[in-house]
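# Observations on the three-dimensional arrangement
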Amino acid sequence: MLITKQLTKTFSRQKNDFDAVHEVDFEINPGDFCVLTGPSGCGKSTFFHMICGITKPDSGEILFDGQNIEKDSAQKWAARRATDISYVLQGDSLLANFTVLENICLPHQLSSKSVDLKDKALEILREFGLENMADEYPANLSGGERRRVAIARAFVHDPKLVVADEPTSDLDEENTKIILDYFTRQAKNGKAILISTHDLSFINDEMKHYVMKKGVMTKV
Amino acid sequence: MITQTIALKNLGRRPVRTWCMIFFVFMLAASLFLSSVLVDSMESTIEKTTNRMGADVIVVPKEFEREMADSLFLGELCNFTFDKKWVENISAVEGVAKASPQLYMETLDAACCAAPVQLVAYDPETDFIITSWLEDENIPAPKKGEVIVGSLVTADAEGGDGILLFNTLFPVVAHLEKTDTNYDTCVFMTYETAQEIMSSEKWYETFREEPVTDELASTVMIRIENGVDKKDVARNINFKMDKESPVSAYTTNTIMSEAMDASESMKGYTSVLITLLLVLVIVALVCVFTITINERTKEFGILSSLGASTGKLCQIVLGEGFIIGFTGGLIGCAVSAVVLIIFKGTLTVLLELPRLNTGFGYLMMLGAKCLGIALIVSVLASLYSAWKVSRSELHTLIKGEEL
Ligand SMILES: Nc1ncnc2c1ncn2[C@@H]1O[C@H](COP(=O)(O)OP(=O)(O)OP(=O)(O)O)[C@@H](O)[C@H]1O
Ligand SMILES: [Mg+2]
């Protein structure tokens, strides 16, 4: 479904160029649950940003359902993020001034399609055990609850691929389990899931494990 | 619409900042509104008075042109006179088609009279001004002892339409239409009636003199022949008359020129003021919008990373500009209109204005214009922020960097 070929991103620091992501070949298909690990600063977020259209690659290709999309316009990428590819930002990414329900629905009301997903949002909140928090503001939620809201938000519009940058960092075992179980179930339902993590302990045989080091990705 | 709802919510989140921005726009709209009313009022009074008067050249006693202008434009009462015998000489001057004397008298704010009003006596045989008004309104010429009043003169004597002048009740035979000039506060009569007033006991008691109206004129109104230049006629009159003649001739424009100059300089001042204010308000709004947007880059980044379109994000920012412009503009116009209507009297006295245009239709039109400008200014100020948001790369937005 999504394939990258020789994907490279070069940054410069103190006038020295370095490849944050170096010639990465990667493929993910419906039903895949891929986990990307690697030390801090190895280029995981940069790679995710490129395949979600947040950063433009310097060279290489991105194919989605057989089509080259690496040179698509910002509008096209935004529309794609509202439909096929869902991205969960690293860290806390809830909008502090909007309620849980608004957080989930707003991006789609503001997308070029302008759809109202309120019913779907309530349904997905129930699945995450957050149904009575729909009208709460993020500040009144625990870290684990906030993370679950962010994940729920990524699934609300039924995307084909969900990319989540460290969705389980700083979470206790119980919250980590809730989220991973949800991802596993969704993968079994035919979604493609790609997450990054520092925590190697939860990786099991159902997951495809990739490691990144200094911008170079290898499959384990 | 969802973008408007979010814009409102964003504004509501920072009430002090929002009200400050609304206040800027309010100031702009209110100044624009008030100064327009002042300038328009001045201009329209000058124009209406000139049209209503219908004379091309006016002859007044030497050095009384200022009083004449103040009487015409500001409605100040006047009673200057000169010897009427000069009227004949004036009529004989080349280029003069019609010349008719008018005599001005003022009543006093005493028990003798209803209120201080300007009395204007005219000579029906030569007159071409008042007679033409009467013809237009199908009013018969007043006979001896009868008066005709402007629309703002209240004839309030008991038992019938009459006006008390120097202890004598004069029947009011007609009310003229409203003209929005100072003629609305005048009482018109023929020279014969004027003589009656001047011969009254009360007049003698007041002024200790018994004038003969046939020897007196305050002005001579002149209609020139077709194809002649007004200025030439005025110059001819001044040139042909004896050195010791007590009068000088002016074109209507010259008489009005002081008022016109005043209105021009008022226009100048207000346009400078409004321009300054415009720049100031735009700069202030741009600053505040920039701060507000910089605070929210991360929010825009998050929304965009989840698929929100840049166009919609810009709509939110522009929506905020629109709401501020609309609220500020509306309040500005409404408050100014109310102030104008309530303090109309005080303002005219304070600003030495003849009158203020406070017609509903006019105020509505002007309000719409000012509201439009307020909206444009405010949306323009937010446009800069919207442009910045639309132009920035998503990864800088996500990091929450300053734009
Ligand atoms: N805009 C940028 N300009 C220059 N260098 C950058 C930029 N963004 C990232 N980098 C560098 O690129 C490298 C990869 O960064 P990236 O954020 O992808 O790491 P990461 O693997 O996600 O780390 P972490 O696990 O801590 O999130 C780092 O060395 C980082 O300093
Ligand atoms: Mg990262």
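No experiment lies behind these values; they were computed from the predicted model shown.

## Some details on the overall build of chain A
Scanning chain A from terminus to terminus reveals six helices and 10 strands. Relative to its length of 220 residues, chain A is compact, with a C-alpha radius of gyration of 17 Å against a globular reference of 17 Å. The dimensions of chain A, computed from C-alpha atoms along their principal axes, are 50 × 40 × 40 Å. Every one of the 220 residues in chain A was classed for burial, and the buried ones make up 55%. The contacts in chain A between residues at least 6 apart in sequence include a share of 69% that link residues at least 24 apart. On chain A, roughly 10000 Å² of surface is accessible, and the fraction owed to carbon and sulfur atoms is 45%. Once the 27 positive and 33 negative side-chain charges of chain A are each reduced to a mean point, those two points are 4 Å apart.

## Focus on the overall build of chain B
Per the secondary structure count, chain B includes 14 helices and 11 strands. For chain B, the C-alpha radius of gyration of 30 Å lies well beyond 22 Å, the compact-globule estimate for 403 residues. Residues classed as buried in chain B amount to 51% of the 403 residues present. Summarising the internal contacts of chain B: among those between residues at least 6 apart in sequence, 79% fall at separations of at least 24. Approximately 19000 Å² of chain B is accessible, and the part contributed by carbon and sulfur atoms is 59%. Here chain B holds 32 positive side-chain charges and 50 negative ones, and the gap between their average locations is 15 Å.

## With respect to the coordination of the magnesium ion (ligand 2)
Residue and element names in this part refer to chain A. The magnesium ion (ligand 2) binds to the protein through S45 (OG) and Q90 (OE1), with metal-donor distances spanning 1.9 to 2.3 Å. Of this pair, S45 sits in helix α1 (residues 44-51) while Q90 sits in the loop between β6 (85-88) and α3 (100-109), and the two are 45 residues apart along the sequence. We classify Q90 as partly exposed; its relative accessible area is 40%.

## Digging into unusual backbone geometry
Excluding glycine, residues mostly carry a negative phi; peptide bonds, for their part, are mostly trans. With phi around 65°, K15 of chain A is a residue other than glycine that occupies positive phi space. Here K15 of chain A shows up in the loop between β1 (2-13) and β2 (16-28).

## Regarding the nonpolar core
One finds L2, F26, F47, I51, V163 and L194 of chain A to be the most contacted residues of the largest nonpolar core, which totals 67 residues. Once you skip the residues sitting within four places of it in the chain, L194 of chain A turns out to touch F26, I28, C34, F47, F48, I51, V162, V163 and A164 of chain A. Grouped together as the second largest cluster of nonpolar side chains are 40 residues, V57, M105, V187 and V247 of chain B included.

## Here's the deal with the domain arrangement of chain B
All names here are of chain B. For chain B, the domain assignment lists domain 1 (2-47 + 259-399) and domain 2 (63-245). Across the boundary between the two partners, domain 1 contributes eight residues, which contact five residues of domain 2. Counting across the domain 1 and domain 2 interface gives zero salt bridges. In terms of residue count, the dominant contributor to the side of domain 1 that touches domain 2 is helix α2 (residues 15-53) (three residues). Grouping the constituent residues of the side of domain 1 that touches domain 2 by class yields five nonpolar, one polar and two charged.

## Quick look at the sheet that holds strand β9 (residues 208-213) of chain A
Residues and elements named next belong to chain A. Here six strands make up an open sheet; going across it, the order is β6-β7-β8-β3-β9-β10 and the pairing mixed. The open sheet terminates on both sides in strands that have one partner only, identified here as β6 and β10 (216-219). Strand after strand, the sheet turns through a mean of 20° between neighbouring axes, direction not considered. Sheet topology note: the strand β3 (residues 33-37)/strand β8 (residues 192-197) ladder contains five bridges and is parallel. By the bridge assignment for β8, V35 is matched with I195.

## A short note on helix α9 (residues 252-295) of chain B
Between its terminal C-alpha atoms α9 of chain B stretches 63 Å, which fits the 64 Å expected from 44 residues at 1.5 Å a residue. Maximal helix bending in α9 of chain B amounts to about 45°, located at E258 of chain B.

## Comments concerning the site of ligand 1
In the vicinity of ligand 1, 15 residues are found, and the nearest of them are R13, S40, K44, S45 and T46 of chain A. At ligand 1, the nearby residues belong to more than one chain, namely chains A and B. Between ligand 1 and G43 of chain A there is a distance of 3.0 Å, counted from an oxygen atom to a backbone nitrogen or oxygen. Calculation on ligand 1 without its partners gives an accessible area of 640 Å², and the protein chains cover 72% of this total. Secondary structure elements with two or more residues in the shell around ligand 1: β1, β2 and α1 of chain A. Top element by residues in the shell around ligand 1 is α1 of chain A. It accounts for three residues. The class makeup of the residues in the shell around ligand 1 is four nonpolar, seven polar and four charged.

## Describing a negative patch on the surface
A surface patch of like charges, here negative, comprises D172, E173, E174 and D199 of chain A. Inspection of the secondary structure assignment puts D199 of chain A in the loop between β8 and β9.

What counts and how
- Residues numbered from 1 in each chain as written.
- Chains lettered and ligands numbered in written order.
- Predicted model: local features only at pLDDT ≥ 70, side-chain atom pairs only at ≥ 80, totals over all residues.
- Heavy atoms only, no water.
- Helix = DSSP H or I, 4+ residues; strand = E, 2+ residues; numbered from the N terminus.
- Rg over C-alpha atoms; globule rule 2.2 N^0.38 Å.
- Buried < 20%, exposed > 50% of the residue type's maximum accessible area, 1.4 Å probe, protein only.
- Contact = heavy atoms within 4.5 Å.
- Areas by Shrake-Rupley, 256 points an atom, 1.4 Å probe, with all protein chains shown as cover.
- Lys, Arg positive; Asp, Glu negative; His and termini not counted.
- Charge placed at Lys NZ, Arg CZ, Asp CG, Glu CD.
- Donors = N, O, S within 2.8 Å, 3.2 Å for Na, K, Ca; no water.
- Core = buried A, V, L, I, M, F, W, Y, C linked by side-chain atoms within 4.5 Å.
- Domains from an automatic or database assignment.
- Salt bridge = Lys/Arg side-chain N within 4 Å of Asp/Glu carboxyl O.
- Nonpolar A, V, L, I, M, F, W, Y, C, P; charged D, E, K, R; others polar.
- Pairing = 2+ DSSP bridges.
- Axes fitted to C-alpha atoms, helices over the stretch in contact; angles between N-to-C directions.
- Expected span 1.5 Å × (residues − 1).
- Bend = angle between axes of the 7 residues up to and from the residue.
- Near = heavy atom within 4 Å.
- Polar contact = N/O pair within 3.5 Å; in protein donor to acceptor, adjacent residues only side chain to side chain.
- Patch = residues over 30% accessible without salt bridge, like charges linked within 9 Å, V, L, I, M, F, W, Y side chains within 5 Å.

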